[in-house]
Amino acid sequence: MTDRYAVIGNPISHSKSPLIHTLFAEQTRQDMSYETVEAPLDGFATTVRRLRDEGYKGCNVTVPFKFEAFKLCDRLGERARDAKAVNTLIFQDGQILGANTDGTGLLNDIEKNLGFTLMWKDALLLGAGGAASGVLWPLFNAGVGVDIANRNIEKARILAAEFTGSGTVYARRYEELAGRKYDLVINATSSSLSDELPPLPDGLFKPGALAYDMMYGRETPFMAYAREQGAALVADGLGMLVEQAAEAFYLWRNVRPDTQPVLEKLRS
Ligand code: NDP
């Protein structure tokens, strides 16, 4: 019988995940289906339990349910525990297991696909929402020094405080960024969705710097700003999307798909 999977979000019709997982399944000859499921904003838990009870094998979780998914799980992987957010669910023996593959997705895209070495680099992470918290520990564990900037500075401070005792992550207001320079600037805000640019100063990029916008699908104001400011490499988040999907696919199927042909197909 064909194994069923889905991505749950609200809204969800724009999602590229069904296409990505269908391509992975074809490539690795897995008998599975993958669909989008829109959960009502107040009906995430009910939707997850329904899918589990109908025999689905797992789900991806996207905006705005990643924090709620974290609370719903019976067991959690380390990355999900660190992030306090879950983007991958596995239904096993009636239990709901939770993982977070966003951090691995970002790191694989940056190091493997873009050829940018992370160890000992200085990074500025813009945003303190679900996406930022999902990638913060993996960046830190890769030897990256991280500053977090967010409009709501309290949210950035809460994330930074988790590192007390392990190392230093600084929370900074946007106004404090003038004069600072980074090897890597990651836009993990949702500003690009509304074609806005966070209030960034001139001169943020060191020579050889990578500017990475987690948004994908179009040139964003952040990407345009980075090109204008002389960032050596400018990337969107499509590679992260494909890489985090590959990691989820591996957790479900125990098979690692080749991401390159899928990324090329999506780009074309
Ligand atoms: P959240 O809603 O959890 O967080 C939004 C963040 O963006 C907050 O920190 C908010 O700041 C900040 N923000 C929103 N608008 C602006 C603005 N105009 N200027 C400055 N900051 C702003 O969203 P997520 O963290 O879940 O998602 C963020 C982005 O990352 C989305 O675009 C999403 O599509 C993308 N993403 C991409 C992935 C991929 O695989 N490529 C994976 C996951 C996410 P404040 O707290 O001050 O309101």
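Residues numbered from 1 in each chain as written. Predicted model: local features only at pLDDT ≥ 70, side-chain atom pairs only at ≥ 80, totals over all residues. Heavy atoms only, no water.

A. Focus on the pairing of strand β5 (residues 88-92). Burial analysis of β5 places 4 of its 5 residues in the buried class, the great majority of the element. Alignment of strand β3 (residues 58-61) against β5, held across 3 bridges, turns out to be antiparallel. Counterpart to G58 in the pairing with β5 is I90. Relative to strand β6 (residues 95-99), β5 runs antiparallel, the two being bridged by 5 bridges. Following the sheet pairing, Q92 is matched in β6 by Q95. (Buried < 20%, exposed > 50% of the residue type's maximum accessible area, 1.4 Å probe, protein only. Helix = DSSP H or I, 4+ residues; strand = E, 2+ residues; numbered from the N terminus. Pairing = 2+ DSSP bridges.)

B. Inspection of the sheet that holds strand β4 (residues 75-76) at higher detail. If you walk across this open sheet you meet the 6 strands as β2-β1-β3-β5-β6-β4, and the pairing is mixed. Two strands bound the open sheet, and with one partner strand each, they are β2 (32-38) and β4. Inspection of the sheet shows strand β1 (residues 3-9) paired to β2 by 7 bridges, in the parallel sense. When the sheet's bridge partners are listed, G9 is paired in β2 with E38. Taken strand by strand, helix α2 (residues 44-53) contacts β1, β2, β3, β5 and β6, and its axis lies near 175° from that of β1. With respect to the sheet, helix α9 (residues 238-253) is in contact with β1, β2, β3, β5 and β6, its orientation differing from that of β5 by roughly 5°. (Contact = heavy atoms within 4.5 Å. Axes fitted to C-alpha atoms, helices over the stretch in contact; angles between N-to-C directions.)

C. Quick look at the packing of helix α5 (residues 102-113) against α9. Two numbers describe how α5 lies on α9: the axes approach to 7 Å, and their chain directions differ by 120°. When the axis of α5 is compared with that of α9, the two are oblique. Like other packed secondary-structure pairs, α5 and α9 cross with a definite hand, here right-handed. Together, D102, T104, G105, L106, N108, D109, K112 and N113 of α5 and G239, M240, E243, Q244 and E247 of α9 make up the contact between the two elements. Residue classes in the contact of α5 with α9 are distributed as 2 nonpolar, 6 polar and 5 charged. (Parallel < 35°, antiparallel > 145°, perpendicular 65-115°, else oblique. Left-handed = near helix turned anticlockwise from the far one by under 90°. Nonpolar A, V, L, I, M, F, W, Y, C, P; charged D, E, K, R; others polar.)

D. Main features of the site of the ligand. What surrounds the ligand is a group of 23 residues, the closest being A131, N150, R151, K155 and E196. Take N152: an N or O atom from its main chain is 2.9 Å from an oxygen atom of the ligand. For the ligand, whose accessible area on its own is 930 Å², the fraction buried by protein is 81%. When atom positions are compared with the pocket grids, the ligand is found to occupy the largest pocket. Among the secondary structure elements, those contributing two or more residues to the shell around the ligand are α6 (130-141) and α9. Looking at the shell around the ligand residue by residue, the class counts come to 9 nonpolar, 9 polar and 5 charged. (Near = heavy atom within 4 Å. Polar contact = N/O pair within 3.5 Å; in protein donor to acceptor, adjacent residues only side chain to side chain. Areas by Shrake-Rupley, 256 points an atom, 1.4 Å probe, with all protein chains shown as cover. 1 Å grid on protein atoms, 1.4 Å probe; cavity = no way out; pocket = protein on both sides within 12 Å on 5 of 7 lines; lining within 4 Å. Sits in = over half its atoms within 2 Å of the grid points.)

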